[in-house]
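# Reading the structure
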Amino acid sequence: MEKTIIANWKSHKTVEETRVFFDEFTNLLFKTPQNGKEIIIAPSFTCLEYATNFTRANDLKIQISAQNVSEHEEGAFTGEIAASQLKNIASCVIIGHSERRRLYNETEEIVAQKVSLAKKAGLKVVLCLQNENEKVENVDYIAFEPPGAIGTGNPEDPKSIESTIQKIKEKNTTAKMLYGGSVDADNAQELAKVPSVEGFLVGGASLSPESLFQIISLC
Ligand code: PGA
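Here's a quick rundown of the structure. (Residues numbered from 1 in each chain as written. Predicted model: local features only at pLDDT ≥ 70, side-chain atom pairs only at ≥ 80, totals over all residues. Heavy atoms only, no water.)

### As for the site of the ligand
The environment of the ligand is made up of 13 residues, and the closest members are Lys10, His97, Gly151, Ser182 and Gly203. One of the side-chain N or O atoms of His97 is found 2.7 Å from an oxygen atom in the ligand. Between Gly204 and the ligand, the recorded distance is 2.8 Å, taken from a backbone N or O atom to an oxygen atom. In the complex, 94% of the free accessible area of the ligand, which totals 280 Å², lies under the protein chains. Residues belonging to the shell around the ligand are distributed by class as follows: four nonpolar, seven polar and two charged. (Near = heavy atom within 4 Å. Polar contact = N/O pair within 3.5 Å; in protein donor to acceptor, adjacent residues only side chain to side chain. Areas by Shrake-Rupley, 256 points an atom, 1.4 Å probe, with all protein chains shown as cover. Nonpolar A, V, L, I, M, F, W, Y, C, P; charged D, E, K, R; others polar.)

Right, dumping it as structure tokens:
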């Protein structure tokens, strides 16, 4: 089974830093190709166009994802970016990350609205869930991301990852199941053995090309 690794850069990297990352990361991929792995990189809005143009020009099998999208189709929503505006500069979008639910008051209704507009625009959706009780939408990927494991250096216990993903799957989703929260090059191999885990959503450890490459090669 092809493992999926998604790099969530959050509010990090300028366009110039994105350029440097892609140069180094693609050098690593050219030296040691990672066939059979699905790689998705999610930079900030400002770097999406650069990243998409770079992957197209170099014929790379790396998909580019946004980290958020507006819950409105279009209109007078200053500062918001609509799904239709993302379409040519990204192929996926992350929706419902726990940081957005907590810091920007995203409710389940807002998350559902974002999913629906993203799908309508033809984007693939990565839905983040903090537990099995959150509403599951019809999406392409579901990332189980317990907030206590995010950015702490302490990933969730493998048994608890397995049992939560099993419960999410009981909701009849066909989404690919990912785990996120303090995944790094030291624990990726172990976490990749959790039976229901089909990939990772990686934050901090995805910022360095070497570290992201190592995680991918360990999956
Ligand atoms: P982390 O973040 O890998 O830095 O814990 C994961 C995420 O928030 O997606």
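There is more to say after this.
### Comments concerning unusual backbone geometry
Backbone geometry at Asn105 places phi at a positive 50°, although glycine is not the residue there. Structurally, Asn105 can be placed in the loop between α4 (98-103) and α5 (108-120). With a relative accessible area of 57%, Asn105 lands in the exposed category. The residue Asn172 is not glycine, and still its phi comes out positive at about 65°. Looking at where Asn172 falls in the secondary structure, it is placed in the loop between α6 (158-169) and β7 (176-180). Overall, Asn172 belongs to the exposed group, its relative accessible area being 71%. (Helix = DSSP H or I, 4+ residues; strand = E, 2+ residues; numbered from the N terminus. Buried < 20%, exposed > 50% of the residue type's maximum accessible area, 1.4 Å probe, protein only.)

### Observations concerning the sheet that holds strand β3 (residues 62-66)
On the basis of which strands lie adjacent, the closed barrel formed by eight strands has the order β1-β2-β3-β4-β5-β6-β7-β8 and parallel pairing. Each adjacent strand pair in this sheet contributes to an overall mean axis angle of 25°, direction not counted. Pairing analysis gives two bridges linking β3 to strand β4 (residues 92-95), with the strands arranged parallel. Pairing of Ala66 across the sheet is with Val93, part of β4. (Pairing = 2+ DSSP bridges. Axes fitted to C-alpha atoms, helices over the stretch in contact; angles between N-to-C directions.)

### Thoughts on α5
Its 13 residues give α5 an end-to-end C-alpha distance of 18 Å, which sits within 8% of 18 Å, the value for a rise of 1.5 Å per residue. Val111, Ala112, Lys114, Val115, Leu117 and Ala118 are the residues of α5 that are buried. On the buried face of α5, the contacting elements are α3 (83-86), β4, α4 and β5 (124-129). (Expected span 1.5 Å × (residues − 1). Contact = heavy atoms within 4.5 Å.)

### Quick word on the environment of Leu201
Residue position: Leu201 is located in strand β8 (residues 199-202). In this structure, the C-alpha to C-alpha distance between Leu201 and Ile142, residues 59 residues apart in sequence, is 9.6 Å. Those residues in contact with Leu201, other than ones at most four positions away along the chain, are Ile6, Asn8, Ile94, Cys128, Ala143, Glu145, Tyr179, Gly180 and Gly181.

### A word on the pattern of salt bridges
Side chains that carry opposite charge are capable of pairing whenever their charged atoms lie near each other. Taken as a whole, this structure holds 13 salt bridges when the rule is applied. Lys176 is the salt-bridge partner of Glu38, the closest N and O atoms lying 3.8 Å from each other. Placement of the pair is Glu38 in strand β2 (residues 37-42) and Lys176 in strand β7, with a sequence separation of 138 residues. Neither Glu38 nor Lys176 differs from the other in exposure class; each is buried. (Salt bridge = Lys/Arg side-chain N within 4 Å of Asp/Glu carboxyl O.)

### As for the packing of aromatic side chains
Applying the stated criterion across every chain, the model contains seven aromatic pairs. Summarising the aromatic geometry, the rings of Trp9 and Phe21 are spaced 4.7 Å apart at their centres and angled 70° between planes, so their arrangement reads as edge-to-face. Here Trp9 is found in the loop between β1 (3-8) and α1 (15-31), whereas its partner Phe21 is found in helix α1, with twelve residues between them in sequence. Just as Trp9 is buried, Phe21 falls in that class too. A connected cluster of aromatic rings, assembled from ring pairs, spans Trp9, Phe21, Phe22, Phe25, Tyr50 and Phe54. We note Lys13 situated over the ring of Trp9; from NZ or CZ to the ring centre the distance is 5.1 Å. It is Arg100 that lies over the ring of Tyr104; its NZ or CZ is 4.4 Å from the centre. (Phe/Tyr/Trp six-rings, centres within 6.5 Å; stacked < 30°, edge-to-face > 60°. Lys NZ or Arg CZ within 6 Å of the ring centre and 35° of its normal.)

Purely spatial values, then, with no claim about function.
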